[in-house]
Amino acid sequence: MDFMLSQEQQDFKRECKEFASKEIAPFLEEHDRNSTFFWEGWKKMAEFGLLGLPFPEEYGGSGASALDTAVAKEGFAAGGADWGICLSWGANTIIGGVPIWKLGTEEQKQKYLVPLAAGETVSCFGLTEPDAGSDAASLSTSAKKVGDKYILNGSKMFITNGPIADIAIVLAVTDKEKGPKGGISAFIVEKEFPGFRAGKELDKMGNRTSPTSELFFEDCEVPAENLLGEEGLGFVLVAKETLEWERAVMMGPAIGLMEANLERCLAYAKEREQFGQPIANFQAIQHKLADIKVAMDTSRLLMYRAAWMKDEGMPAAMEASVCKLFISEAAMEAASTAVQIFGGYGYIREYPVERSFRDSKLGEIGGGTSEIQRMIISKMLLRG
Ligand SMILES: Cc1cc2nc3c(=O)[nH]c(=O)nc-3n(C[C@H](O)[C@H](O)[C@H](O)COP(=O)(O)OP(=O)(O)OC[C@H]3O[C@@H](n4cnc5c(N)ncnc54)[C@H](O)[C@@H]3O)c2cc1C
């Protein structure tokens, strides 16, 4: 058993960290304040090769493994890229791109993945609905086949990249009688399709550099060739594949954030003086630094295991849920600890630890809440 990343992976992580610290991080505070999308940075991310990272080269990607992709995300966030821009990257490439790569036809891959990897178009993934969140299988957006089209009606809620997306992967009911196992299908919906519209941007607590909105389908006409995978297998294949990637690979930014916060806290604790000495001399502060380190290292091991299992083609539902649950809660705790080390200054907007605190909360909610991860894990344990 080898616990080390390869030299190549370590180098790539460092390159991603340097890229983010120079080209991305310095501009995010303003975008967070104004809740705007950093288009210039997004184009640079595409040029750097991040947006198509896991796709095969023939579809504009680099053929990176799930582990390489997770490590790139970790490095990118460690360089100071906030969770928001990482979330948009994940919605575009992981949950909005991986299903097309894994289940799309050759034509769909050429048409949709290539521009996605180049940063020419943006994707999003629509599963959640206003009345179907944790109980995602109870979704009610419908898709009725009429001639050579499907007609979609319904809406999706809290969709990352919704306001800026050119395409959306949308889950809809094609046969109510069959239930989620055979009655839900996935579609690639272009924003120009008649009857499709994105709602206004939602004003969020954190992840403000990533736009979120509702999506509406009113007799939306989707050509039959835009069905993704087989009819009826949307929930079983698309959602499963997508959520496992989301719960493993998309936790990279949480670990990068812990690394960035640890570096900020170490520097601050050595520099900030109270009672005539650096606060780093106080054992209460030293223990907090140690706690962040332990949370970060444990998180790394769990994410690398889950990503590695995906690369090996092993079923990883349990490990992906363990990874998502632990890392999201560890990141929230670590961000709270970082704010505490910074004291009053940690509560002020111009310090990035404050943003990391607001951003980290989403980890415990999006992609299946902590309660749902515990439910999944315990169900699998009890099933044996
Ligand atoms: C900023 C943001 C971005 C998002 N991006 C996307 C996206 O791109 N695509 C997408 O499809 N979705 C997205 N989501 C939706 C996200 O996945 C859901 O918010 C999440 O799954 C929870 O659903 P809900 O908000 O409806 O909460 P609810 O399901 O209503 O849950 C409310 C509370 O009840 C708890 N609860 C529910 N059921 C149970 C149970 N059986 N046992 C114990 N507790 C339970 C929950 O854990 C939670 O604490 C995003 C959400 C946010 C906030």
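Source: prediction; values computed, not measured.

Engineer: Quick rundown of the domain arrangement of the chain? Include the residues and the values.
Structural biologist: Each assigned domain of the chain is listed with its residue range as follows: domain 1 (7-117), domain 2 (123-232) and domain 3 (238-383). When each unit is reduced to the centre of its C-alpha atoms, the spacing between domain 1 and domain 3 is 20 Å. At the interface, 32 residues of domain 1 touch 32 residues of domain 3. Of the roughly 2,700 Å² buried between domain 1 and domain 3, counting both surfaces, carbon and sulfur atoms make up 69%. Among the residues domain 1 hides against domain 3, the three largest losses belong to Ala 66, Glu 74 and Trp 83. Together they make up 27% of the total. Where domain 1 meets domain 3, there are 6 salt bridges.

Engineer: Run through the packing of helix H11 (residues 317-342) against helix H13 (residues 370-383), naming residues and quoting values.
Structural biologist: Between H11 and H13, whose axes approach to 9 Å, the crossing angle comes to 145°. Judged by the sense of rotation from one axis to the other, the crossing of H11 with H13 is left-handed. In this structure, H11 contributes Ala 317, Met 318, Ser 321, Val 322, Lys 324, Leu 325, Ser 328 and Glu 329 to the contact, and H13 contributes Ser 370, Gln 373, Arg 374, Ile 376, Ile 377, Met 380 and Leu 381. Across the contact of H11 with H13, the residue classes break down as 8 nonpolar, 4 polar and 3 charged.

Engineer: Residues and numbers for H13, please.
Structural biologist: Across its 14 residues, H13 extends 20 Å between first and last C-alpha, which sits within 8% of the 20 Å expected from 1.5 Å per residue. Listed as buried for H13 are Ser 370, Ile 372, Gln 373, Ile 377 and Met 380. Against helix H8 (234-248) and H11 lie the buried residues of H13. Immediately beyond the C-terminal end of H13, within one or two residues, lies Gly 384, with a positive phi of roughly 80°.

Rules and cut-offs
- Residues numbered from 1 in each chain as written.
- Predicted model: local features only at pLDDT ≥ 70, side-chain atom pairs only at ≥ 80, totals over all residues.
- Heavy atoms only, no water.
- Domains from an automatic or database assignment.
- Contact = heavy atoms within 4.5 Å.
- Buried area = accessible area lost by both parts, 1.4 Å probe.
- Salt bridge = Lys/Arg side-chain N within 4 Å of Asp/Glu carboxyl O.
- Axes fitted to C-alpha atoms, helices over the stretch in contact; angles between N-to-C directions.
- Helix = DSSP H or I, 4+ residues; strand = E, 2+ residues; numbered from the N terminus.
- Left-handed = near helix turned anticlockwise from the far one by under 90°.
- Nonpolar A, V, L, I, M, F, W, Y, C, P; charged D, E, K, R; others polar.
- Expected span 1.5 Å × (residues − 1).
- Buried < 20%, exposed > 50% of the residue type's maximum accessible area, 1.4 Å probe, protein only.

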